[in-house]
Amino acid sequence: MIVVIARFEAKKGQRDKVVALAAPCIEATRKEAGCVSYELMLNTECAEALVFVERWESRAALDAHAKTAHLAAFKDARAPYVEGPSRLTLFEATELEG
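Residues numbered from 1 in each chain as written. Predicted model: local features only at pLDDT ≥ 70, side-chain atom pairs only at ≥ 80, totals over all residues. Heavy atoms only, no water.

1. Some points on the overall build of the protein chain
Right, on to step 1. Of regular secondary structure, the protein chain possesses three helices and four strands.
Right, on to step 2. The secondary structure elements of the protein chain, listed N-terminal to C-terminal, are β-α-β-β-α-α-β.
Right, on to step 3. Taking 2.2 N^0.38 as the reference for a compact globule, 98 residues should give roughly 13 Å; the C-alpha atoms of the protein chain span a radius of gyration of 14 Å, in line with that estimate.
Right, on to step 4. Expressed along its principal axes, the backbone C-alpha trace of the protein chain runs to roughly 45 × 30 × 20 Å. (Helix = DSSP H or I, 4+ residues; strand = E, 2+ residues; numbered from the N terminus. Rg over C-alpha atoms; globule rule 2.2 N^0.38 Å.)

Written out as structure tokens, the structure is:
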């Protein structure tokens, strides 16, 4: 499983706009093959900080997501309301034997 942490910053006073713009992308992404979970988190200490926490069955599923029209549309729509691009960190989940 691949876990993605995608951090980005809304411009001051624009967080709610970004969240609203994200809603269609979140809904469509959750229907994608290989999407285990896709959540937008709001930072409780910094109003402008947002993070997507994503879980994908495979790197191939994540790569397919990166090419979707709904993700491209969200990135374009949010551009005026955010400070720069997202900062992505990818992890490979491990399963411990017990």
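Let's pick the thread back up.
2. Thoughts on the side chain of H65
Right, on to step 1. Here H65 is to be found in helix α2 (residues 59-66).
Right, on to step 2. By relative accessible area, which is 3% here, H65 ends up buried.
Right, on to step 3. In this structure H65 touches T29, E32, Y38, E54, W56, H70 and L71, once residues within four positions along its chain are discounted. (Buried < 20%, exposed > 50% of the residue type's maximum accessible area, 1.4 Å probe, protein only. Contact = heavy atoms within 4.5 Å.)

3. A short note on the environment of A73
Right, on to step 1. Mapped onto the fold, A73 is located in helix α3 (residues 69-78).
Right, on to step 2. Given a relative accessible area of 44%, A73 falls into the partly exposed group.
Right, on to step 3. On a C-alpha basis, the gap between A73 and L21 in space is 9.3 Å, while along the polypeptide they are 52 residues apart.

4. Remarks on the pattern of salt bridges
Right, on to step 1. Overall, the coordinates contain five salt bridges when judged by the stated rule.
Right, on to step 2. Of the charged contacts, one joins D16 and R15 as a salt bridge, the two residues approaching to 3.9 Å between their closest N and O atoms.
Right, on to step 3. Judged by relative accessible area, which is 57%, D16 ranks as exposed.
Right, on to step 4. Note on R15: relative accessible area 24%, which makes it partly exposed. (Salt bridge = Lys/Arg side-chain N within 4 Å of Asp/Glu carboxyl O.)

5. Let's talk about the packing of aromatic side chains
Right, on to step 1. All told, the structure shown has four aromatic pairs when counted by the stated rule.
Right, on to step 2. Ring centres of Y38 and F52 lie 5.0 Å apart, and the angle between their planes is 35°; on these two criteria the pair is classed as tilted. Linking Y38 in strand β2 (residues 35-42) with F52 in strand β3 (residues 49-56), this pair joins segments that are 14 residues apart in sequence. An identical accessibility class is assigned to Y38 and F52; each is buried.
Right, on to step 3. Pairing Y38 with W56 gives two aromatic rings, centres 6.4 Å apart and planes at 70°, and the pair type is edge-to-face. Placement of Y38 in strand β2 and of W56 in strand β3 is noted, with a sequence separation of 18 residues between them. For the pair shown, Y38 and W56 are each scored as buried.
Right, on to step 4. Three or more aromatic residues joined by ring pairs make a cluster, and in this case those are F8, Y38, F52, W56 and F74.
Right, on to step 5. One cation-aromatic arrangement involves R78 over F8; the distance from NZ or CZ to the ring centre is 4.5 Å. (Phe/Tyr/Trp six-rings, centres within 6.5 Å; stacked < 30°, edge-to-face > 60°. Lys NZ or Arg CZ within 6 Å of the ring centre and 35° of its normal.)

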